[in-house]
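Here's the letter readout for the chains.
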Amino acid sequence: MPKKISIFINNKKYSAEIGQSVLDIAKQNNIDITTLCHHPDIKVQGSCRLCLVEIKGKKGLHTSCNTQVEDGMKILTDSKNISRAKQINLELIFSEHCEECGDCIYSQDCTIKEFAKKYDVKITKYEDRKKGYPVHKFGPALEFDTSKCIDCGLCVDVCKKEGVDFLEYKKKGKFYEVCPSSKKDKDCIYCGQCLTHCPVGAFEGVGEFEDVDKYIDVKGKTVVFQFAPSIRSSIGEEFGMPVGTVVTGKLIAAIKALGIEHVFDVCVGADMTTMEEATELIERLEDDKPLPMFTSCCPAWVKYLEFYRPDLIPNLTTVRSPQVIMGGIIKTYWAKQMNIKPKDIIVVGIMPCVAKKYEIERKQNYLNGMKAVDQILTTRELAHLLRKKKIDLASIKPDNAKSPLLKPSGAGVIYGSSGGVMESALRAAYKKMTGKRMPKLNLKEVRGIQGFKKAKIKIAGKTLKVGVVNGIANAKKLLKELEKDPKAYDYVEVMACFGGCIGGGGQPVPINDEIRQKRSAALYNLDTKKVARSADENPIIKKMYKDFFNDDKNRHSVCHTSFRKKKKEVFPKK
């Protein structure tokens, strides 16, 4: 048991444990201490020097984030000295940060602007030191505006924690500044964790907020919106709703209020991904094909494998991601039903992920020479668009539309959380292998936001060894296991973002494990309420297999893709 001690904050006694920081105790007891570079996902930085406190008997001011408590310690969190020091530090931070407030992911909730107001900071006191600094473009997914970067180091550390280590410090004159690596053996995978951990909006998705209404009204075209599984439990946060609030009906209504007549749920595409992936898993188990089979619905993971480990490309399932399959269904099956030419349909995907902007550009995901999905809007971008059009998601009346392409199984919904793809595929595989519904549908062994999960699942006399990881660093640990024992796993799910899609680079910010957990729990709760909880039980999936995917050519062109070794992608600076 950790040793208990007592400390005093602002003359009030609090219990603490040896090893905790002053900031830890303050947060536990709802004592406000200003922080900017502190994030629970990342090791303590202490670089912004805004979490300053005074400690009786010790000279000067101290950063509370990396000052450990001591028995009897007496701490002040507010004084003239502290306020003045914070004011100076904020003025210096603003001298590194070129403001572009109207086009920023924190435009609705800017921490440093709040601090500036609180401490009476003159934002323009010093000339912007980084005026004219370049914008680095990472593929079609991410942009890094170095003129906004305050060099707090959170992006560098999270990139290292992610297991990619693409962002690094380089010396520039008298200063060390954050830059993308120029090494040929390092490349960005577009996961966007740098974006969700940057406190000042120096990172954003390509075109973020600039093209949100590009396809709202296009003459002669039918515009279709489709939204990903995790969006329903995250977008409400952008409108002041509690974390984890499910807003499916409100989301449909809000999109229709934009003037979009056709709105579909990517969870139906997830059900199709599930069916095809379960079939491929069984084939690999029976036909001595490369094992373990890796999931491929996370484009950041696919990019990692194609660049860093092309030797493992044969292990990726050829099944396309739910959003690409859904786009394909819309431009084939649905287009035929509606008597609309595919070239006259524009599909806009609402995604939790900036890497999806990259995924739709992959030629391997094209359908008959055209994109299956034409544009991606992140969760944040859709929220921005709704606000721009004065549509309040929180107050809008839900639309409980009954279109079959809005009616997924529970298995399709849980794709948004780490372990959901695995669980969905195993439910369907069990039915295919035994002819019966899986008796234990809640596979708690593969659930949870922790980074590495292992399980053994029994199906039809076989014991499947499965692994579920989120974060590429955890994937690398699993790959090392496979180097020692190639038969350690039969089936592996990998999501690049922490917690899976609920923690994606396109989701509302800021984010932490508590938020991830609540978003995830909401999806699993939806699953338990569904009558159809396995993809094979979904009526629209059965109908599409009977009417359209009974033709192998249709099934392969819509549902399957290929992969290839990638070289480092070089993009010009702005």
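Values in this document were obtained by computation on a predicted structure and should not be read as measured data.

(A) Here's a closer look at the sheet that holds strand S12 (residues 262-265). The parallel open sheet is built from four strands, whose spatial order is S12-S11-S14-S17. Of all the strands in the sheet, just S12 and strand S17 (375-378) have a single pairing partner and so form its edges. Direction aside, the axes of adjacent strands within the sheet are offset by 25° on average. Bridging between strand S11 (residues 222-227) and strand S14 (residues 345-351) involves six bridges; their strand directions are parallel. Bridging from a neighbouring strand, Phe225 pairs with Val348 of S14. Relative to S11, helix H6 (residues 248-257) is tilted by about 160°, and along the sheet it contacts S11 and S12. Running over the sheet, helix H11 (residues 379-388) touches S11, S14 and S17 and is turned about 85° from S17.

(B) How the structure looks around the sheet that holds strand S10 (residues 203-205). Strand order across the open sheet formed by three strands is S6-S7-S10, with antiparallel pairing between neighbours. Where the open sheet ends on each side, the last strands, each with one partner, are strand S6 (135-138) and S10. Across the sheet, the axes of successive neighbouring strands diverge by a mean angle of 20°, strand direction being ignored. The pairing of strand S7 (residues 142-145) with S10 spans three bridges and is classified as antiparallel. Bridged to Glu143 within S10 is Glu204.

(C) Representation of the pairing of S12. The alternating pattern of S12 places His262 and Phe264 on one face and Val263 and Asp265 on the opposite face, and all of these are buried. The pairing of S11 with S12 spans four bridges and is classified as parallel. Looking at the pairing, Phe225 lines up with Val263 of S12. In this view, the connection linking S11 to its parallel neighbour S12 by way of H6 has right-handed handedness.

(D) Structural context of the packing of aromatic side chains. Throughout the structure, instances matching the rule amount to 11 aromatic pairs. Between Phe138 and Phe166, the ring centres sit 5.3 Å apart and the planes meet at 80°, which makes this aromatic pair edge-to-face. Of the two residues, Phe138 is situated in strand S6 and Phe166 in the loop between helix H4 (154-162) and strand S8 (167-172); the sequence distance between them amounts to 28 residues. Each member of the pair, Phe138 as well as Phe166, carries the same accessibility label: buried. Ring plane angle 15° and centroid distance 6.2 Å describe the contact between Trp301 and Tyr304, whose orientation is recorded as stacked. In this pair, Trp301 and Tyr304 are both assigned in helix H8 (residues 299-308), three residues apart and thus about one turn of the helix distant. When its relative accessible area of 5% is taken as the criterion, Tyr304 is described as buried. A network of ring pairs unites the aromatic residues Phe294, Trp301, Tyr304, Phe307 and Tyr308 as a single cluster. Lying over the aromatic face of Phe8, Lys74 brings its terminal NZ or CZ to 6.0 Å of the ring centre. Geometry around Phe452 places Lys454 over its ring, the cationic atom sitting 5.3 Å from the centre.

Conventions we followed
- Residues numbered from 1 in each chain as written.
- Predicted model: local features only at pLDDT ≥ 70, side-chain atom pairs only at ≥ 80, totals over all residues.
- Heavy atoms only, no water.
- Pairing = 2+ DSSP bridges.
- Helix = DSSP H or I, 4+ residues; strand = E, 2+ residues; numbered from the N terminus.
- Axes fitted to C-alpha atoms, helices over the stretch in contact; angles between N-to-C directions.
- Contact = heavy atoms within 4.5 Å.
- Buried < 20%, exposed > 50% of the residue type's maximum accessible area, 1.4 Å probe, protein only.
- Right-handed = clockwise from strand over helix to strand, strands pointing away.
- Phe/Tyr/Trp six-rings, centres within 6.5 Å; stacked < 30°, edge-to-face > 60°.
- Lys NZ or Arg CZ within 6 Å of the ring centre and 35° of its normal.

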